[in-house]
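Geometric and topological summary
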Amino acid sequence: VISTQSTGSGDASLAFTGSADYTATLWSATSGDALASFEHDHIVRAVDLTRDGRHAATGGRKKKLRVLGVTDGSLAESWSCVDAHSDSIKRVLFTDESGDSLLSAGGKTVRLWDVRQPSSAGASLELDLASNVNDIALCGDTLMVAHGESVAFVDAKTLVTKREHVYPFAVHSAALHVDGQRFLAGGANFAAMVCDVESGNALEVHKGHHGPVHCVRYAPDNETYASSSEDGTIRLWQTVVKNYGLWVVNDDKPEPTAAVAPAAAPAAVVTAEAK
(Lines give C-alpha, C1' and ligand atoms only; values in the text may rest on other atoms or scores of the structure.)
Protein backbone atom coordinates (compact mmCIF):
# COMPACT_ATOMS: atom_id res chain seq x y z
CA VAL A 1 0.00 0.00 0.00
CA ILE A 2 1.19 3.53 -0.70
CA SER A 3 0.28 7.13 0.13
CA THR A 4 1.87 10.24 -1.36
CA GLN A 5 2.31 13.75 -0.01
CA SER A 6 1.76 16.74 -2.29
CA THR A 7 3.10 20.25 -2.06
CA GLY A 8 0.93 23.25 -2.82
CA SER A 9 1.86 22.90 -6.48
CA GLY A 10 0.58 19.34 -6.54
CA ASP A 11 4.01 17.73 -7.04
CA ALA A 12 4.44 14.77 -4.69
CA SER A 13 7.81 14.86 -2.94
CA LEU A 14 7.28 12.13 -0.34
CA ALA A 15 5.79 8.65 -0.46
CA PHE A 16 4.81 6.45 2.47
CA THR A 17 4.38 2.69 2.07
CA GLY A 18 3.22 -0.27 4.11
CA SER A 19 4.46 -3.76 3.42
CA ALA A 20 4.23 -7.47 4.20
CA ASP A 21 7.77 -7.18 5.60
CA TYR A 22 6.19 -5.65 8.74
CA THR A 23 7.48 -2.12 8.04
CA ALA A 24 6.13 1.28 7.08
CA THR A 25 8.67 3.30 5.10
CA LEU A 26 9.00 6.96 4.17
CA TRP A 27 10.56 7.60 0.75
CA SER A 28 11.83 10.50 -1.30
CA ALA A 29 9.61 10.50 -4.39
CA THR A 30 12.28 12.40 -6.34
CA SER A 31 15.34 10.25 -5.63
CA GLY A 32 13.67 6.98 -4.66
CA ASP A 33 15.73 6.81 -1.47
CA ALA A 34 14.28 5.38 1.74
CA LEU A 35 14.34 8.14 4.36
CA ALA A 36 13.02 6.30 7.41
CA SER A 37 11.33 3.04 8.39
CA PHE A 38 9.10 2.06 11.33
CA GLU A 39 8.90 -1.58 12.47
CA HIS A 40 5.50 -3.20 13.15
CA ASP A 41 4.48 -6.53 14.69
CA HIS A 42 2.65 -7.73 11.60
CA ILE A 43 1.75 -6.90 8.00
CA VAL A 44 1.05 -3.19 7.40
CA ARG A 45 -2.10 -3.07 5.27
CA ALA A 46 -3.05 0.62 5.44
CA VAL A 47 -1.07 3.87 5.42
CA ASP A 48 -1.74 7.57 4.93
CA LEU A 49 0.33 10.76 4.90
CA THR A 50 -0.93 14.31 5.46
CA ARG A 51 -0.56 16.77 2.60
CA ASP A 52 2.22 18.65 4.40
CA GLY A 53 4.09 15.39 5.10
CA ARG A 54 4.24 15.99 8.88
CA HIS A 55 1.97 13.16 10.02
CA ALA A 56 1.64 9.51 8.97
CA ALA A 57 -0.82 6.80 9.97
CA THR A 58 -0.69 3.01 9.79
CA GLY A 59 -2.93 0.01 10.41
CA GLY A 60 -2.90 -3.67 9.65
CA ARG A 61 -3.41 -7.27 10.70
CA LYS A 62 -2.76 -6.63 14.39
CA LYS A 63 -5.73 -4.19 14.48
CA LYS A 64 -3.50 -1.51 16.02
CA LEU A 65 -3.96 2.03 14.74
CA ARG A 66 -0.91 4.33 14.86
CA VAL A 67 -0.11 7.96 14.16
CA LEU A 68 3.55 8.78 13.49
CA GLY A 69 5.19 12.16 13.59
CA VAL A 70 7.50 12.93 10.65
CA THR A 71 10.44 15.12 11.67
CA ASP A 72 13.64 15.63 9.69
CA GLY A 73 13.03 12.42 7.79
CA SER A 74 12.45 10.31 10.92
CA LEU A 75 9.31 8.53 12.16
CA ALA A 76 8.18 8.43 15.80
CA GLU A 77 4.92 7.16 17.26
CA SER A 78 2.79 9.97 18.70
CA TRP A 79 -0.55 8.19 19.23
CA SER A 80 -1.86 4.63 19.06
CA CYS A 81 -4.95 2.55 19.74
CA VAL A 82 -4.74 -1.20 20.35
CA ASP A 83 -7.67 -3.19 18.93
CA ALA A 84 -9.04 -0.17 17.09
CA HIS A 85 -11.30 -2.60 15.17
CA SER A 86 -12.54 -6.15 15.61
CA ASP A 87 -10.77 -7.23 12.41
CA SER A 88 -7.78 -6.20 10.29
CA ILE A 89 -7.57 -2.49 9.50
CA LYS A 90 -8.09 -2.09 5.74
CA ARG A 91 -7.76 1.68 5.30
CA VAL A 92 -6.66 4.78 7.23
CA LEU A 93 -7.28 8.37 6.11
CA PHE A 94 -6.48 11.75 7.63
CA THR A 95 -9.43 14.10 7.17
CA ASP A 96 -7.30 17.26 7.06
CA GLU A 97 -3.72 18.53 7.04
CA SER A 98 -3.54 19.02 10.81
CA GLY A 99 -3.37 15.29 11.41
CA ASP A 100 -5.79 15.68 14.34
CA SER A 101 -8.66 13.71 12.78
CA LEU A 102 -8.25 10.19 11.43
CA LEU A 103 -10.62 7.75 9.74
CA SER A 104 -10.06 4.00 9.93
CA ALA A 105 -11.90 1.07 8.37
CA GLY A 106 -11.85 -2.52 9.55
CA GLY A 107 -14.35 -5.35 9.78
CA LYS A 108 -17.84 -3.90 9.35
CA THR A 109 -17.08 -0.47 10.81
CA VAL A 110 -15.65 2.92 9.86
CA ARG A 111 -14.46 5.00 12.81
CA LEU A 112 -13.46 8.64 13.21
CA TRP A 113 -10.77 9.38 15.81
CA ASP A 114 -9.65 12.61 17.44
CA VAL A 115 -5.96 11.83 17.98
CA ARG A 116 -5.61 14.81 20.32
CA GLN A 117 -7.51 12.69 22.82
CA PRO A 118 -6.18 9.51 24.48
CA SER A 119 -7.20 6.35 22.63
CA SER A 120 -9.01 5.21 25.79
CA ALA A 121 -11.62 7.87 25.00
CA GLY A 122 -12.67 5.75 22.02
CA ALA A 123 -13.75 6.83 18.56
CA SER A 124 -15.57 10.13 18.14
CA LEU A 125 -18.00 8.66 15.60
CA GLU A 126 -18.71 5.22 14.19
CA LEU A 127 -20.45 3.88 11.10
CA ASP A 128 -21.76 0.30 11.27
CA LEU A 129 -22.24 -1.52 7.99
CA ALA A 130 -23.92 -4.75 6.90
CA SER A 131 -20.75 -6.19 5.36
CA ASN A 132 -16.98 -5.93 5.62
CA VAL A 133 -15.41 -2.68 4.45
CA ASN A 134 -13.07 -3.03 1.48
CA ASP A 135 -12.13 0.60 0.86
CA ILE A 136 -12.74 4.20 1.92
CA ALA A 137 -11.85 7.34 -0.05
CA LEU A 138 -12.40 11.05 0.64
CA CYS A 139 -13.51 13.72 -1.81
CA GLY A 140 -14.38 16.99 -0.08
CA ASP A 141 -16.98 16.25 2.59
CA THR A 142 -18.02 12.94 1.04
CA LEU A 143 -16.56 9.64 2.20
CA MET A 144 -16.89 6.81 -0.31
CA VAL A 145 -17.24 3.41 1.35
CA ALA A 146 -16.99 0.19 -0.65
CA HIS A 147 -18.34 -2.71 1.38
CA GLY A 148 -19.63 -6.09 0.32
CA GLU A 149 -21.48 -5.54 -2.96
CA SER A 150 -22.29 -1.90 -2.20
CA VAL A 151 -20.96 1.64 -2.55
CA ALA A 152 -22.08 4.07 0.16
CA PHE A 153 -21.85 7.88 0.04
CA VAL A 154 -21.23 9.06 3.61
CA ASP A 155 -21.02 12.52 5.16
CA ALA A 156 -17.38 12.62 6.32
CA LYS A 157 -18.17 14.91 9.26
CA THR A 158 -21.12 13.00 10.71
CA LEU A 159 -20.63 9.48 9.25
CA VAL A 160 -24.26 9.50 8.16
CA THR A 161 -24.98 7.58 4.95
CA LYS A 162 -26.53 9.84 2.28
CA ARG A 163 -27.10 7.24 -0.46
CA GLU A 164 -26.05 3.73 -1.37
CA HIS A 165 -25.90 1.66 -4.56
CA VAL A 166 -25.82 -2.14 -4.73
CA TYR A 167 -24.18 -4.18 -7.52
CA PRO A 168 -24.28 -7.86 -8.53
CA PHE A 169 -20.59 -8.35 -7.63
CA ALA A 170 -18.22 -7.59 -4.76
CA VAL A 171 -17.08 -3.95 -4.88
CA HIS A 172 -13.48 -3.63 -3.71
CA SER A 173 -12.92 0.09 -4.27
CA ALA A 174 -14.72 3.34 -5.10
CA ALA A 175 -13.73 6.98 -5.64
CA LEU A 176 -15.76 10.13 -6.28
CA HIS A 177 -14.96 12.59 -9.08
CA VAL A 178 -14.49 16.20 -7.97
CA ASP A 179 -17.58 17.26 -9.96
CA GLY A 180 -19.75 15.14 -7.65
CA GLN A 181 -21.68 13.68 -10.60
CA ARG A 182 -19.78 10.45 -11.22
CA PHE A 183 -17.68 7.94 -9.36
CA LEU A 184 -15.37 5.03 -10.00
CA ALA A 185 -16.05 1.48 -8.86
CA GLY A 186 -14.02 -1.68 -9.28
CA GLY A 187 -14.21 -5.19 -7.95
CA ALA A 188 -14.90 -8.83 -8.76
CA ASN A 189 -16.21 -7.97 -12.25
CA PHE A 190 -12.59 -7.43 -13.43
CA ALA A 191 -13.52 -3.94 -14.73
CA ALA A 192 -13.05 -0.26 -13.90
CA MET A 193 -16.47 1.39 -14.03
CA VAL A 194 -17.50 5.03 -14.23
CA CYS A 195 -20.94 5.35 -12.64
CA ASP A 196 -23.61 8.00 -12.21
CA VAL A 197 -23.88 9.26 -8.62
CA GLU A 198 -27.68 9.66 -8.61
CA SER A 199 -28.70 6.35 -10.19
CA GLY A 200 -25.60 4.22 -9.64
CA ASN A 201 -25.82 3.10 -13.28
CA ALA A 202 -22.61 2.38 -15.17
CA LEU A 203 -21.75 5.10 -17.70
CA GLU A 204 -18.55 3.38 -18.84
CA VAL A 205 -17.19 -0.12 -18.21
CA HIS A 206 -13.50 -0.44 -18.99
CA LYS A 207 -12.25 -3.99 -19.37
CA GLY A 208 -8.72 -5.30 -19.74
CA HIS A 209 -7.79 -6.64 -16.32
CA HIS A 210 -7.52 -10.42 -15.88
CA GLY A 211 -8.35 -10.44 -12.20
CA PRO A 212 -10.42 -8.58 -9.61
CA VAL A 213 -9.85 -4.82 -9.41
CA HIS A 214 -8.69 -3.92 -5.89
CA CYS A 215 -8.25 -0.14 -6.13
CA VAL A 216 -9.51 2.74 -8.31
CA ARG A 217 -8.49 6.40 -7.91
CA TYR A 218 -8.63 9.66 -9.85
CA ALA A 219 -5.39 11.56 -10.46
CA PRO A 220 -5.03 14.94 -8.67
CA ASP A 221 -5.84 16.80 -11.91
CA ASN A 222 -8.81 14.46 -12.60
CA GLU A 223 -7.65 14.07 -16.22
CA THR A 224 -6.92 10.36 -15.67
CA TYR A 225 -7.74 7.59 -13.25
CA ALA A 226 -5.99 4.37 -12.32
CA SER A 227 -7.14 0.84 -11.62
CA SER A 228 -5.00 -1.83 -9.99
CA SER A 229 -5.75 -5.51 -10.12
CA GLU A 230 -4.88 -8.92 -8.75
CA ASP A 231 -3.45 -9.63 -12.22
CA GLY A 232 -0.35 -7.61 -11.23
CA THR A 233 -1.05 -4.59 -13.42
CA ILE A 234 -1.96 -0.94 -12.98
CA ARG A 235 -3.95 0.59 -15.83
CA LEU A 236 -4.36 4.30 -16.56
CA TRP A 237 -7.52 5.58 -18.23
CA GLN A 238 -8.45 9.01 -19.54
CA THR A 239 -11.44 10.80 -18.01
CA VAL A 240 -11.99 12.53 -21.37
CA VAL A 241 -10.24 11.10 -24.42
CA LYS A 242 -7.82 13.66 -25.87
CA ASN A 243 -4.13 14.32 -26.49
CA TYR A 244 -2.64 14.23 -23.01
CA GLY A 245 0.77 13.15 -21.73
CA LEU A 246 1.76 9.96 -23.55
CA TRP A 247 -1.67 9.62 -25.16
CA VAL A 248 -1.90 10.64 -28.82
CA VAL A 249 -5.43 10.46 -30.17
CA ASN A 250 -6.24 10.24 -33.85
CA ASP A 251 -9.10 12.73 -34.15
CA ASP A 252 -10.45 11.01 -37.25
CA LYS A 253 -10.48 7.46 -35.92
CA PRO A 254 -9.52 6.85 -32.28
CA GLU A 255 -7.81 3.52 -31.70
CA PRO A 256 -8.37 2.27 -28.13
CA THR A 257 -5.67 0.02 -26.72
CA ALA A 258 -8.01 -1.87 -24.39
CA ALA A 259 -11.49 -3.29 -24.65
CA VAL A 260 -14.18 -0.89 -23.48
CA ALA A 261 -17.89 -1.67 -23.21
CA PRO A 262 -20.24 0.07 -23.10
CA ALA A 263 -18.79 3.59 -23.04
CA ALA A 264 -19.52 6.99 -24.49
CA ALA A 265 -16.00 7.10 -25.93
CA PRO A 266 -13.05 4.67 -25.97
CA ALA A 267 -10.27 5.36 -23.50
CA ALA A 268 -6.55 5.00 -24.04
CA VAL A 269 -4.71 2.73 -21.64
CA VAL A 270 -1.15 2.48 -20.35
CA THR A 271 -0.29 -0.72 -18.52
CA ALA A 272 2.57 -1.10 -16.03
CA GLU A 273 3.57 -4.55 -14.86
CA ALA A 274 4.01 -4.81 -11.08
CA LYS A 275 7.40 -6.15 -10.05
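Residues numbered from 1 in each chain as written. Predicted model: local features only at pLDDT ≥ 70, side-chain atom pairs only at ≥ 80, totals over all residues. Heavy atoms only, no water.

Moving on to the packing of aromatic side chains. Tallied over the full model, the rule gives five aromatic pairs. With centroids separated by 5.2 Å and ring planes inclined at 85 degrees, the aromatic side chains of Phe-153 and Phe-183 adopt a geometry described as edge-to-face. Highlighted residues: Phe-153 in strand β15 (residues 150-155) and Phe-183 in strand β18 (residues 182-187), separated in sequence by 30 residues. Ring centres of Tyr-244 and Trp-247 lie 6.4 Å apart, and the angle between their planes is 35 degrees; this geometry places the pair in the tilted category. By relative accessible area, Tyr-244 is classed as partly exposed at 27%. Relative accessible area serves as the criterion here: at 10%, Trp-247 is assigned to the buried category. Residue placement shows Arg-163 over the ring face of Phe-153; its charged tip is 5.8 Å from the ring centre. (Phe/Tyr/Trp six-rings, centres within 6.5 Å; stacked < 30°, edge-to-face > 60°. Helix = DSSP H or I, 4+ residues; strand = E, 2+ residues; numbered from the N terminus. Buried < 20%, exposed > 50% of the residue type's maximum accessible area, 1.4 Å probe, protein only. Lys NZ or Arg CZ within 6 Å of the ring centre and 35° of its normal.)

Looking now at the pattern of salt bridges. Tallying each qualifying case throughout the model produces nine salt bridges. Arg-66 is the partner of Glu-77 in a salt bridge, and the nearest nitrogen-oxygen pair spans 2.8 Å. A residue pair is termed long-range when its members are at least 10 positions apart, and Glu-77 in strand β8 (residues 74-81) and Arg-66 in strand β7 (residues 65-71) qualify at eleven residues. Residue Glu-77 is classed as partly exposed on the basis of its relative accessible area of 36%. Note that Glu-198 is salt-bridged to Arg-163, the shortest N-O span being 3.2 Å. Note that Glu-198 is positioned in the loop between β19 (191-196) and β20 (202-207) and Arg-163 in strand β16 (residues 161-166), a separation of 35 residues in sequence. Residue Arg-163 is classed as partly exposed on the basis of its relative accessible area of 30%. By sharing partners, the salt bridges in this structure join Arg-91, Asp-135 and Arg-217 into a single network. (Salt bridge = Lys/Arg side-chain N within 4 Å of Asp/Glu carboxyl O.)

So, about the pairing of strand β2 (residues 12-18). Sheet faces and side chains relate simply in a regular strand, where the side chains alternate between the two faces. For β2, the tally of buried residues reaches five of seven residues, placing the bulk of the element in the interior. One ladder, built from five bridges, connects β2 with strand β3 (residues 23-28); its direction is antiparallel. Its bridge partner being in β3, Phe-16 is matched across the sheet by Leu-26. With antiparallel pairing between neighbouring strands as the criterion, β2 and β3 make up a hairpin whose turn holds four residues, including Tyr-22 at a positive phi of roughly 70 degrees. (Pairing = 2+ DSSP bridges.)

Relative to the elements of secondary structure, Gly-59 occurs in strand β6 (residues 55-60). By relative accessible area, which is 3% here, Gly-59 ends up buried. Residues Gly-59 and Cys-81, 22 residues apart in the sequence, show an inter-C-alpha distance of 9.9 Å. Leave out the neighbours within four places in its chain, and Gly-59 touches Val-44, Arg-45, Ala-46, Lys-64, Ile-89 and Val-92. (Contact = heavy atoms within 4.5 Å.)

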